[in-house]
Structure formats: structure tokens, C-alpha cells
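# Report on the structure
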Amino acid sequence: MLVAAAVCPCPPLLVPEVAAGAAPELDTLRDACADALGVLTAARPDLLIVIGPADHAGRGPHPEGATGTFKGFGVDLGVRLGREKAVAHRRLPPSLAVGAWLLARAQWAEAPVEGLGVGEPLETGRCTSTGRDLAARADRVALLVMGDGSACRTLKAPGYLDDRAEAFDAAAAHALGTADPDALIALDESLAYELKAAGRAPWQVLAGAAEGAGLGGQLLYEDAPYGVGYLVATWS
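Notes on the structure in this doc start here. As the structure is a computational prediction, the values presented were derived from the model and not from experiment.

## Focus: the sheet that holds strand β8 (residues 217–223)
- Read from one edge to the other, the open sheet built from 7 strands follows the order β3-β6-β2-β7-β1-β9-β8, with strand pairing classed as mixed. At either end of the open sheet lies a strand with only one pairing partner, and these are β3 (60–62) and β8. Averaged over all adjacent pairs, the angle separating strand axes in this sheet is 20°, with direction ignored.
- Those strands touched by helix α2 (residues 27–43) are β1 (2–8), β2 (47–54), β7 (141–146), β8 and β9 (230–235), and its axis lies near 170° from that of β1.

## Quick word on the side chain of histidine 62
- Along the polypeptide, histidine 62 turns up in strand β3.
- Accessibility expressed as a relative area gives 1% for histidine 62, which makes it buried.
- A polar atom in the side chain of histidine 62 sits 2.8 Å from the backbone oxygen of glycine 58.
- Once residues lying within four places of it in the same chain are set aside, the contact partners of histidine 62 are Leu81, His89, Arg90, Arg91, Leu92, Pro93, Leu96, Glu114, Gly115 and Gly117.

## As for the pattern of salt bridges
- Under the definition given, this model contains 8 salt bridges.
- In this structure, aspartate 76 and lysine 71 form a salt bridge, with 4.0 Å as the shortest nitrogen-oxygen distance.
- According to the relative accessible area criterion, lysine 71 is exposed, its value standing at 57%.
- For arginine 153, the salt bridge goes to aspartate 169, with nearest N and O atoms at 2.7 Å. Separated by 16 residues along the polypeptide, arginine 153 in the loop between β7 and α5 (165–177) and aspartate 169 in helix α5 bring together distant segments of the chain.
- Under the relative-accessibility criterion, arginine 153 is labelled partly exposed at 26%.
- Residues participating in the shared-partner salt-bridge network are Asp162, Arg164 and Glu194.

## Some words on the nonpolar core
- Residues Cys8, Leu40, Leu103 and Leu144 are the most contacted members of the largest nonpolar core, which totals 42 residues.
- Elements that contribute at least two residues to this core include exactly β1, α2, β2, α3 (94–105), β7 and β9.
- Contact partners of leucine 144, with chain neighbours within four places excluded, come to Ala6, Cys8, Leu37, Leu40, Leu48, Ile49, Val50, Ile51, Gly99 and Leu103.
- Grouped together as the second largest cluster of nonpolar side chains are 41 residues, Val7, Val118, Ala172 and Ala210 included.

## Observations concerning a nonpolar patch on the surface
- Residues Leu155, Tyr160 and Leu161 make up a contiguous nonpolar surface patch of about 320 Å² in total accessible area.
- Relative to the elements of secondary structure, leucine 155 occurs in the loop between β7 and α5.

Rules behind the numbers
Residues numbered from 1 in each chain as written. Predicted model: local features only at pLDDT ≥ 70, side-chain atom pairs only at ≥ 80, totals over all residues. Heavy atoms only, no water. Pairing = 2+ DSSP bridges. Helix = DSSP H or I, 4+ residues; strand = E, 2+ residues; numbered from the N terminus. Axes fitted to C-alpha atoms, helices over the stretch in contact; angles between N-to-C directions. Contact = heavy atoms within 4.5 Å. Buried < 20%, exposed > 50% of the residue type's maximum accessible area, 1.4 Å probe, protein only. Polar contact = N/O pair within 3.5 Å; in protein donor to acceptor, adjacent residues only side chain to side chain. Salt bridge = Lys/Arg side-chain N within 4 Å of Asp/Glu carboxyl O. Core = buried A, V, L, I, M, F, W, Y, C linked by side-chain atoms within 4.5 Å. Patch = residues over 30% accessible without salt bridge, like charges linked within 9 Å, V, L, I, M, F, W, Y side chains within 5 Å. Areas by Shrake-Rupley, 256 points an atom, 1.4 Å probe, with all protein chains shown as cover.

This is how it looks when you write it as C-alpha cells:
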């Protein structure tokens, strides 16, 4: 059963070594993510699953101990998912590597950790069924849900300016801040794809996992630095 969730964005720029001189610009976001992980710690789960968007190579399960790297972003920095060493395994996708970095920063030691890379085009129904399966994995399951909002909030955003982006992010923020699974399920997957909102599928996995759990939500951060919607929320 799902007992807690933390929702965080997954830009590699969250890692100060990647952001370099621009690192202080995201200090407030990093602090919000740290607060969100504190809710996971307080929930004392039996299992923590980190979910994030992934390309074809990174989709599917990643065991505890799987490793990732930020070499592709110009920094020779590696991360490990949890504490245990995994048998040879494919690399974590960037979203899960950022999640692993957040957990290491928080010195996570509460429960075993696994990862799940989710394809951005995954249909809503499959997202929710995946979430229900995850929630049944243990008596007390927690999720760290990685994913960004739209990437079309400004002219200089990765997806250029789209007038629909702000309303999409506002709907997502309200759904996450109020722990409303139905509102997350209602997010339009086609529109999310057009707005390059990589968090849509992971958020809808969360919605499936939370069905019937009766959790409350809190929105800790909502902004669009660099033209990308970043949201931090907790469900507990």
C-alpha cells in the first residue's frame, strides 16, 4: 500500500556540479526537494521505488545498486541507487540518476530502493495499472516520482513558448498539491507530449498507486526557471 510520495523535477541542473556557476539559482528548488524526501523518511516505508521518465534504453525496472553518471552533461560524477551493489546492469536514465543523487544527498537509509524508468508516451491506463502494481509490492510502499512539467513556458524554453503551457502546469500543480489522483489521470497525454511535459506519465503512475490510499498533499515549490515547469509536492 502506498503510504507516502515525494514528487520532484529531474533536470540534471539540480546537481550543483552539473550546474556549475549557475548552481545557486536552484538552491530553493534543492531545499524543497530535501524537504519532500524528509516526508518519505518519516513514513518509514518497507520499500522505496524511484520513478522517472526514460527513453527506450532506460525503460523498465532498475535494481538497487544500479549506477548512473552525469558524464553526458559534462561532469565525471557517478551515482548509485541505494546502498547495495547490483550485478552488472544497464545505466540509470538521467531522471533516475537525479533521483539517486537526491537520495544520496539525503543520506537515505530507511528501506530498500528500486527504480522504474517509464516511457513518456505510456498510455494513461497503463500508467495507472503500473501504479497499482507498485503499491501492492509491500505493506508500506513509498514513491519518489521524478518528472518535469511543460518545457514551453518562455521564448527561450527548450520547446519555445506555447500559450497552453502555463495552464497545463497549473492543473498539474493543483492535482499534486491536493493529492488528487483523478485530476492527475485527467491530464491530457497528447497535450503533455506536445508541451514536452516529461512528468505526465510518472505522475499518472503515482495516481494509480494512490487509489484508495486516502493521502493528503502539499505543494512545496512551483516555478518555471529556464522556461520549464518544476513542481515539488508531497503525499502522505
